[in-house]
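# Notes for the structure review
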Amino acid sequence: MDFGADMVRKYSGVAIALHWIIALGILVNLMLPNIWEVAGDENVRPLIDAHKSIGVTVLGLAVMRLLWRLTHRPPALPTSYKPWEVKASHAAHWALYAFIFAMPLTGWIMDSAWKDAATHPMQWFGLFEWPRIGMVMGLDEVTKKTVHDSFGEAHELLGWALWALFALHVIGALKHQFLDGEKELQRMMP
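Residues numbered from 1 in each chain as written. Predicted model: local features only at pLDDT ≥ 70, side-chain atom pairs only at ≥ 80, totals over all residues. Heavy atoms only, no water.

## Some details on the overall build of the chain
The condition is simple: Where helices and strands are cited, they refer to DSSP runs of H or I of at least four residues and of E of at least two residues respectively, numbered from the N terminus. The rule is simple: take the accessible area with a 1.4 Å probe, protein chains only, and divide by the maximum for that residue type; under 20% is buried, over 50% is exposed, in between is partly exposed. Using a 1.4 Å probe, accessible areas were evaluated by the Shrake-Rupley method; residue-level cover was limited to the displayed protein chains.
A count of helical and extended segments in the chain gives five helices and two strands. Along the chain direction, N to C, the helices and strands of the chain fall in the order α-α-α-β-β-α-α. With 190 residues in all, the chain has 33% of them scored as buried. Split by element, the accessible area of the chain, about 11,700 Å² in all, is 71% carbon and sulfur.

Rendered as structure tokens:
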């Protein structure tokens, strides 16, 4: 198929839907910790529970997105991209995949090592109990605290790094859209 210079090579509808749902979930989850710090004691636990539910949902959607990506070739990048931009684009996308998995996994491990995990079941949006990681819950108390603290710190650091990667992703898309005139945003719009 010959694509003219003005023809936009779009992602599939499934890829677009997963992209925006995951992006929204991540954005909400990156903002929630800032909200629960000022929400008042009675609102903290429901916000933390929502954070966990969204995180687990993002993890499930990320699995589906990765499987879709591995079985469906994305549209080619515009031929006007410089070689370094192609490499940077690929590196940024695979880094985003790594973060999309690392964030919920570090959170799930941290939550499974929480000292009160056994007495406070984790619910998925209040609909059913989501299991914690039994191997982590079975650790001795000292090791569990170390795991909780270290994975909690990693989770937070990954969150800050994800903000930076998200900003670069958006800046890159906007640069290609508005400075280079490549119709970049149309590739990921329904």
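## Describing the packing of helix α1 (residues 13-36) against helix α5 (residues 141-179)
The line we're drawing: Axis lines are fitted through C-alpha atoms, for helices just across the contact stretch, and the angle between N-to-C directions can take any value from 0 to 180 degrees. For classification purposes, an angle smaller than 35 degrees is called roughly parallel, one larger than 145 roughly antiparallel, one from 65 to 115 roughly perpendicular, and anything else oblique. Handedness of a helix crossing follows the sense of rotation of the near helix relative to the far helix, less than a right angle counterclockwise being left-handed and clockwise being right-handed. When checking whether two residues touch, look at their non-hydrogen atoms; a contact exists if any pair is within 4.5 Å. Polar here means any residue other than Ala, Val, Leu, Ile, Met, Phe, Trp, Tyr, Cys and Pro, which are nonpolar, and Asp, Glu, Lys and Arg, which are charged; Gly is therefore polar.
The interhelical angle for the contact between α1 and α5, taken along N-to-C directions, is 135°, at an axis separation of 11 Å. Classed by the angle they form, the pair α1 and α5 counts as oblique. Crossing of α1 against α5: the hand is left-handed. Across from H19, I26, L27, L30 and M31 in α1, the residues of α5 making contact are G159, L162, W163, F166 and H169. Of the residues that constitute the contact of α1 with α5, the class distribution is seven nonpolar, three polar and no charged.

## Describing the confidence of the model for the chain
Reading fine detail from the predicted coordinates is not recommended where pLDDT is low. Inclusion rule: Confidence scores here are pLDDT values: one per residue, from the predictor, ranging 0 to 100.
Of the residues in the chain, 96% have a pLDDT of 70 or more, and the chain-wide mean is 92. Between residues 1-6, whose pLDDT stays under 50, and residues either more than four places distant or in other chains, the model counts two contacts.

## Quick notes on empty space enclosed by the protein
Rule in force here: Using only the protein atoms, space was sampled on a 1 Å grid; points where a 1.4 Å probe fits but cannot get out form cavities, open sets with protein on both sides within 12 Å along at least five of seven lines form pockets, and lining residues are those with an atom within 4 Å of a point. Grid points are joined across faces, edges and corners, and a volume is the space filled by probe spheres set on the points.
Inspection of every chain in the model, using the stated rule, returns one cavity of 30 Å³ or more. Taken as a whole, the largest cavity spans an internal volume of roughly 30 Å³. Around the largest cavity, the lining residues are D49, K52, S53, V56, M122, Q123, W124 and W130. Those elements that provide at least two residues to the lining of the largest cavity are α2 (41-71) and β1 (122-124). Here the element with the most residues in the lining of the largest cavity is α2; it accounts for four residues. Looking at the lining of the largest cavity, its residues break down into four nonpolar, two polar and two charged.

## Examining the nonpolar core
Worth spelling out the cut-off: Nine residue types can take part in a nonpolar core, namely buried Ala, Val, Leu, Ile, Met, Phe, Trp, Tyr and Cys, and a core is a set of them joined through side-chain atoms within 4.5 Å.
Counting residues in each nonpolar core, the largest one holds 21 residues, and the members touching the most others are I22, I26, V58, F99, I100 and L162. Residues contacting I22, with those up to four places away along its chain left out, are V58, L61, A62, R65 and I100.

## Side note on the side chain of H51
Structurally, H51 is set in helix α2. We classify H51 as buried; its relative accessible area is 14%. Not counting chain neighbours up to four residues away, the residues in contact with H51 comprise N29, L32, P33, W36 and H155.

## Focus on a nonpolar patch on the surface
Test applied: A patch consists of residues whose relative accessible area exceeds 30% and which take part in no salt bridge; residues with like charges are grouped when within 9 Å of each other, and nonpolar side chains (Val, Leu, Ile, Met, Phe, Trp, Tyr) when within 5 Å. What makes a salt bridge here is a side-chain nitrogen of Lys or Arg within 4 Å of a carboxyl oxygen of Asp or Glu, nothing more.
A surface patch of nonpolar side chains, about 350 Å² in accessible area, is lined by F166, V170, L174 and F178. Considering the arrangement of structural elements, one finds L174 in helix α5. A relative accessible area of 37% means that L174 is categorised as partly exposed.

## Description of the pattern of salt bridges
Charged atoms that come close allow side chains of opposite charge to pair. By the definition in use, this model includes nine salt bridges. As a salt-bridge pair, D116 and K115 come within 3.0 Å of each other at their nearest N and O atoms. Here D116 falls in the partly exposed class, since its relative accessible area comes to 24%. We classify K115 as exposed; its relative accessible area is 63%. With its nearest N and O atoms 3.5 Å apart, the salt bridge here joins R187 to E184. Residue class for R187 comes out buried when judged on its relative accessible area of 3%. Residue classification places E184 among the buried positions, given a relative accessible area of 14%. Each of K52, D111 and R132 takes part in a single network of salt bridges with overlapping partners.

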